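Structural overview
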Amino acid sequence: MRAIAVNEWGGRDKLELMELDPPPLAPDGVLLRVKAAALNPVDVGIREGRMANAFPHHFPVILGWDAAGVVEAVGAAVTWFKPGDRAYGYCRRHELEYGTFADFTTVPEGYLAHMPEDLTFEQAAALPLAGLTAHQGLEIVGLRGGEYLFVTGGAGGVGHMVVQLGVARGARVAATASPANHAFLRELGAEPFDYHDPDLLERWREWTGGAGADAAFDAYGGESQEQAFSVMRKGGRLVSIRTPPEPRAGVETRYEFVRPSGYDLGEHITPLIAEGGLAPHIQQTWPLEAAAEAMEVLEGGHVRGKLVLTL
Ligand SMILES: NC(=O)c1ccc[n+]([C@@H]2O[C@H](COP(=O)([O-])OP(=O)(O)OC[C@H]3O[C@@H](n4cnc5c(N)ncnc54)[C@H](OP(=O)(O)O)[C@@H]3O)[C@@H](O)[C@H]2O)c1
């Protein structure tokens, strides 16, 4: 099978289009013929070796954690999927070796969900990692209807899904982005804030009539996390996916590391898509062979929505 893999950690020049054997299939595993695979910033981290202390690895390491495709074969114990089914999932395994930037990948069946009917493979591939991160983070802060939610990095892969899931929960959502993305955020239902605005807190107070945020989802970290803390009310809840937040008086803080879950995808993401409450925005797609070009755009740091490879 074709695969985008590395034999050593490093820059984009380490990416190679290789011909490799398909991964082995466990009794509870699904072999997926990958049709589309989304990029995520973690793919850059893996390529550079920044995840090598967190996960055992075996070279060549095939990159990619998101996939949508068609079930090619199932292990003897699998009951939810059969060959020919269209499935999608966040495919992070416990070891770095078999990623999704390849013609085939295998994962435990519990990682996958049946694809929403009206989605293309590209759209489905854009959803799992970012959508699950958004959903699980909003569960962590327990976002409820009527609450004020502040989102940092609101136009990115995760952020634009947090905004939509927050709106779907009936929250009043504000999100930071550069001015070029403010119309995009408005379309998604969020009040846009410029992360470079020195008067951001004042603008926030004007917008809410003086109320603080009940919850914050920090997808950017650093100075953005400080901006999130600055708008919180006493007793607010803040989750970050970027930097574990230091404890602060009066704010409940948590760090999230997203878990693969076919259940969450099938129960919380798929139905929202059918209802029209969630739609992935895809900035650009490339064929598998152009993975290095796609990664260069990702590393630019200003992606709107998602980038996707097609196979
Ligand atoms: N812990 C976890 O489980 C988990 C899961 C997923 C992702 N992550 C991490 O979370 C981060 C976001 O992931 P992602 O997939 O959303 O990344 P992404 O799609 O690459 O995010 C790009 C977005 O960042 C925004 N941005 C750039 N500079 C900014 C600034 N100074 N302040 C606020 N926003 C800024 C950009 O908006 P403009 O173009 O408008 O500037 C762009 O829309 C990454 O670091 C990723 O590794 C962690």
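In this text, all values refer to a predicted model and were calculated from it rather than measured experimentally.

1. Structural notes on the packing of helix α3 (residues 128-141) against helix α8 (residues 262-275)
Packing of α3 against α8 brings their axes to within 10 Å, and their N-to-C directions diverge by 75°. Taken as axis vectors, α3 and α8 run roughly perpendicular relative to one another. Taking contact as the criterion, the partners of Pro-128, Gly-131, Leu-132, His-135 and Gln-136 in α3 are, on α8, Asp-264, Leu-265, His-268 and Ile-269. Looking at the contact of α3 with α8 residue by residue, the class counts come to four nonpolar, four polar and one charged.

2. A closer look at the domain arrangement of the chain
When the domains of the chain are assigned, the result is domain 1 (2-127 + 280-310) and domain 2 (130-255). Distance from the C-alpha centre of domain 1 to the C-alpha centre of domain 2: 28 Å. Counting each side, the surface lost to burial between domain 1 and domain 2 is near 830 Å², with a carbon and sulfur contribution of 52%. The largest share of the area that domain 1 buries against domain 2 comes from Leu-127, Arg-304 and Gly-305, three residues that together contribute 48% of it. For the pair domain 1 and domain 2, the number of links is zero salt bridges. On inspection of domain 1 and its partner domain 2, the count reaches six residue pairs in polar contact (both at pLDDT 80 or more).

3. Concerning the sheet that holds strand β10 (residues 172-177)
Spatially, six strands are ordered β11-β10-β9-β12-β13-β14 in an open sheet, and the strand pairing comes out parallel. Looking at strand neighbours, the two that pair on one side only are β11 (191-194) and β14 (251-255), the edges of this open sheet. The mean angle between the axes of side-by-side strands here comes to 20°, regardless of whether they run parallel or antiparallel. Where strand β13 (residues 232-240) meets β14, five bridges bridge the pair, whose relative direction is parallel.

Each value, and the rule that gives it
- Residues numbered from 1 in each chain as written.
- Predicted model: local features only at pLDDT ≥ 70, side-chain atom pairs only at ≥ 80, totals over all residues.
- Heavy atoms only, no water.
- Axes fitted to C-alpha atoms, helices over the stretch in contact; angles between N-to-C directions.
- Helix = DSSP H or I, 4+ residues; strand = E, 2+ residues; numbered from the N terminus.
- Parallel < 35°, antiparallel > 145°, perpendicular 65-115°, else oblique.
- Contact = heavy atoms within 4.5 Å.
- Nonpolar A, V, L, I, M, F, W, Y, C, P; charged D, E, K, R; others polar.
- Domains from an automatic or database assignment.
- Buried area = accessible area lost by both parts, 1.4 Å probe.
- Salt bridge = Lys/Arg side-chain N within 4 Å of Asp/Glu carboxyl O.
- Polar contact = N/O pair within 3.5 Å; in protein donor to acceptor, adjacent residues only side chain to side chain.
- Pairing = 2+ DSSP bridges.

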